[in-house]
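Now for the letters of each chain:
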Amino acid sequence: MNYKDVYKKWLEDPYFDEATKLELREIAGDEKEIEDRFYRSLEFGTGGLRGVIGAGTNRMNIYTVRQATQGLANYIIKNNGQEKGVAIAHDSRLFSPEFAREAALVLNANGIKTYLTESLRPTPYLSYAVREFGCIAGIMITASHNPREYNGYKVYWEDGAQIVPPHDKGILAEVAKVTDFSEVKITDEDDARAIGLFNVIGTDFDDKYIAEVKKQSIHPDVIAEMAKDFTIAYTPLHGTGNVCVRRVLRELGFEKVYVEPEQKIPDGHFPTVSYPNPEDPKAWEKVLSLAEKVDADIVLATDPDADRLGVYCKDTENGGYISFTGNMSGMLIAEYILRERRATGTMPENPALVETIVTTDMAKVLAEAYDVKLIEVLTGFKFIGEQIKIFDETGCNNYVFGLEESYGCLAGTYARDKDAIVAVMMLCEVAAFYKKQGLTLWDAMKNLYKKYGYFREGLDTLTCKGIDGAEQIKARMDKLRNDPPREIGGLKVEAVRDYKTDVRTDLATGEKTSTGLPESNVLYYELEDHAWCCVRPSGTEPKIKFYYGVKEDSLDAAEKRLLLIKKDLMAE
């Protein structure tokens with residue numbers, strides 16, 4: 001059927017509810033909108049579903065959620081995981097509770113037990129719950145930091161990490177087989193509860209999660225000493241972070257925690273911010289105003305599902321607040337953990353620091369300084385979670401910290417995904433530790449630059465929306481792959497890594513070797529003078545992402561070099 005036939009079917013088939021049909025009748029005559037909603041089925045990728053909320057096959061709605069869940073159920077049954085069950089949580093986005101419930105009922109209809117959180121919870125909470133309940137899989141209903149019109153559906157496997165090979169491809173294949181909504185099984189909640197399939201995770205489980213987060217603190221004594229003299233301003237950006245963040249800080253002893261009042265209530269409309277992303281400067285306007293009023297030492301923002309943390313801190317030189325990238329805050333936490341674990345004798349044997357290939361190269365120097373193994377993985381925290389699983393199974397290393405440039409990190413192994421709650425706790429402890437010495441976080445960051453080098457990084461995106469977007473992205477990647485640049489930002493390209501073909505090519509010698517990582521549509525350019533850049537399509541949005549990093553002798557020199565690299569990368 002073409003998109004017009006599918007549109008007509010949704011209008012006439014009794015399977016679809018009246019609210020859905022009313023929404024579709026309102027776009028009658030708008031051919032472009034009808035085509036966009038029905039020209040394809042919403043793609044189930046390696047991270048699950050993510051799309052605009054609305055009626056249609058190319059939208060997030062209860063029907064596309066049911067369809068994806070039936071495919072997941074089929075895969076679970078093939079792996080004999082019905083009895084283990086599936087943990088399900090959701091964030092504050094529109095229809096998140098409804099999507100979570102629908103997913104549970106489809107699984108129940110297939111004889112699969114579910115554990116559904118009683119209300120919204122952070123993504124890392126779901127990751128922790130999967131392992132604690134011994135589940136075969138987990139589902140998190142969230143679109144993370146996307147704009148308000150989006151929602152999504154992330155799938156986790158029994159190790160608590162988002163799906164990786166071979167399960168990602170296996171689940172994708174099963175979801176692709178569910179081509180008609182008539183193949184989807186559904187049941188009644190009361191019936192599922194009566195036979196023990198539909199279960200609710202209550203607030204008592206919160207205690208266990210918070211306890212695990214608090215275990216990662218290294219110097220609770222420092223917090224106790226500085227609690228009355230350290231001020232925190234925080235915003236959950238209408239998301240899931242407020243309760244958990246405030247609780248863990250309160251229980252550790254921090255007394256002066258101020259939450260932005262207009263943004264503390266969960267609200268999927270995100271009424272005070274159009275883009276609930278800590279990476280967007282506009283998202284900080286209200287909490288920075290609060291920070292100035294209360295004279296905060298540190299300013300924090302978590303995204304809607306509380307797996308990413310953004311940071312500002314006081315700059316004593318000009319009296320304002322300075323923004324930290326995810327690389328900067330990650331390095332401050334990493335250096336603190338490595339240094340203090342060594343100092344207190346609590347560093348495990350064979351320690352490992354794990355980062356993605358687009359994260360700062362300062363991590364390499366840091367790991368060497370503290371005699372810790374550095375492991376690089378593909379972009380996506382699921383690959384960091386996968387390393388924790390490998391460590392557990394083989395005993396080859398012990399995980400001490402993992403981070404990615406996009407404001408995500410994890411201390412401890414209780415979860416297998418990035419956790420903004422533990423990041424808040426650790427960064428506040430780090431800041432309190434330095435304030436005791438008369439230093440701000442910015443002072444501490446400048447000291448890291450002086451000690452390890454002025455590493456700076458950038459990220460830019462090229463958005464290609466609509467039906468033609470995928471072709472535009474493919475054409476851009478093909479051009480870069482088939483005709484790689486020889487110079488970027490005035491720096492010679494020394495080698496090219498093509499992770500799609502698993503080939504690293506030394507441009508001086510022509511020697512070809514393996515990249516050592518799984519297949520992925522990623523191009524990485526090694527530049528002279530310790531610089532680099534990387535290009536990849538986004539896995540969740542219609543974008544190409546351009547990452548780049550340099551090491552210079554000063555911050556000013558680093559910023560100038562970044563601008564030159566950006567100019568070349570973004571040129572058509």
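Residues numbered from 1 in each chain as written. Predicted model: local features only at pLDDT ≥ 70, side-chain atom pairs only at ≥ 80, totals over all residues. Heavy atoms only, no water.

Undergrad: What exactly am I supposed to notice about helix H15 (residues 381-394) here?
TA: Each full turn of the α-helix corresponds to 3.6 residues, which orients residues three or four apart in the same direction. Taking 1.5 Å of rise per residue, the 14 residues of H15 would be expected to cover 20 Å, and the 20 Å separating its terminal C-alpha atoms lies within 8% of that figure. Of all the residues in H15, the buried ones are Phe381, Lys382, Phe383, Ile384, Gly385, Gln387, Ile388 and Phe391. Packed against the buried residues of H15 are strand E12 (351-356), strand E13 (373-377), strand E14 (398-404) and strand E15 (408-410). (Helix = DSSP H or I, 4+ residues; strand = E, 2+ residues; numbered from the N terminus. Expected span 1.5 Å × (residues − 1). Buried < 20%, exposed > 50% of the residue type's maximum accessible area, 1.4 Å probe, protein only. Contact = heavy atoms within 4.5 Å.)

Undergrad: I'm lost on the pattern of salt bridges in this one. Help?
TA: It is possible for side chains bearing opposite charge to pair when their charged atoms get close. Scanning the entire structure with this criterion turns up 50 salt bridges. One salt bridge in this structure joins Asp305 and Lys154, with 3.7 Å as the shortest N-O distance. Linking Asp305 in the loop between strand E9 (298-302) and strand E10 (309-314) with Lys154 in strand E5 (residues 150-157), this pair joins segments that are 151 residues apart in sequence. The exposure class assigned to Asp305 is buried, which follows from its relative accessible area of 0%. A relative accessible area of 6% means that Lys154 is categorised as buried. A salt bridge links Glu355 to Lys364; the shortest N-O distance between them is 3.9 Å. Overall, Lys364 belongs to the partly exposed group, its relative accessible area being 32%. (Salt bridge = Lys/Arg side-chain N within 4 Å of Asp/Glu carboxyl O.)

Undergrad: Any chance you could explain the pairing of E5 here in plain terms?
TA: Residues in a regular strand point their side chains to alternate faces of the sheet. Most of E5 is tucked away: 8 of the 8 residues are buried. Sheet topology note: the strand E1 (residues 48-52)/E5 ladder contains 5 bridges and is antiparallel. By the bridge assignment for E5, Gly48 is matched with Lys154. (Pairing = 2+ DSSP bridges.)

Undergrad: Even after reading the chapter, I still don't get the sheet that holds E14, so can you show me in this structure?
TA: Sheets are built from strands paired through backbone hydrogen bonds, the pairs being either parallel or antiparallel. An order of E13-E12-E14-E15 is seen for the 4 strands of this open sheet, with the pairing classed as mixed. The open sheet has two free edges, formed respectively by E13 and E15, since each of these has just one partner strand. Taken pair by pair, the neighbouring strands of this sheet meet at an average axis angle of 20 degrees, ignoring direction. (Axes fitted to C-alpha atoms, helices over the stretch in contact; angles between N-to-C directions.)

Undergrad: I would appreciate a short explanation of the pairing of E14 in the present structure.
TA: Most of E14 sits inside the fold, with 6 of its 7 residues counted as buried. Pairing of E12 with E14 involves 5 bridges; the strand directions are parallel. Within the sheet, the bridge partner assigned to Leu353 lies in E14 and is Phe401. Direction of pairing for E14 relative to E15: antiparallel, over a ladder of 3 bridges. The residue bridging Leu403 from the neighbouring strand is Cys409, located in E15. Connecting E14 to the antiparallel partner E15 that follows it, the hairpin turn spans 3 residues, and Tyr407 within it adopts a positive phi of roughly 65 degrees.

Undergrad: What should I look at first to understand helix H18 (residues 469-482) in this one?
TA: For H18, spanning 14 residues, the distance from its first C-alpha to its last is 20 Å, which sits close to the expected 20 Å at 1.5 Å a residue. Looking only at H18, the buried set comprises Gly469, Ile473, Arg476, Met477, Leu480 and Arg481. Seen along its axis, H18 keeps its buried residues to an arc of 130 degrees; they face one direction. Exposed residues on H18 whose side chains face more than 90 degrees from its buried face are Glu471 and Asn482. Considering only its buried residues, H18 is in contact with strand E16 (454-463), strand E18 (491-498), strand E21 (523-527), strand E22 (532-537), strand E23 (543-552) and helix H19 (555-570). (Arc of directions from axis to C-beta.)

Undergrad: Hey, could you run me through the packing of helix H6 (residues 123-132) against helix H9 (residues 204-214) in this one?
TA: The relative placement of two packed helices is expressed as an angle between their axes plus a distance between the axes. Where H6 meets H9, the closest approach of the two axes is 11 Å, and the angle between their N-to-C directions is 105 degrees. Our classification of the angle between H6 and H9 gives roughly perpendicular. Within the contact between the two elements, H6 uses Pro124, Tyr125, Tyr128, Ala129 and Glu132 and H9 uses Phe205, Asp206, Lys208, Tyr209 and Glu212. Here the residues of the contact of H6 with H9 sort into 6 nonpolar, no polar and 4 charged. (Parallel < 35°, antiparallel > 145°, perpendicular 65-115°, else oblique. Nonpolar A, V, L, I, M, F, W, Y, C, P; charged D, E, K, R; others polar.)

Undergrad: What exactly am I supposed to notice about the sheet that holds strand E3 (residues 114-117) here?
TA: Spatially, E1-E5-E4-E2-E3-E6 is the arrangement adopted by the 6 strands of the open sheet, whose pairing is mixed. Because the sheet does not close on itself, it has two edges, and the strands there are E1 and strand E6 (198-201). Mean inter-strand twist for the sheet, computed between neighbouring axes without regard to direction, equals 15 degrees. Sheet topology note: the E3/E6 ladder contains 4 bridges and is parallel. Bridged to Thr117 within E6 is Ile201. Those strands touched by helix H4 (residues 62-78) are E1, strand E2 (86-90), strand E4 (137-141) and E5, and its axis lies near 5 degrees from that of E5.

Keep in mind these values describe shape, not function.
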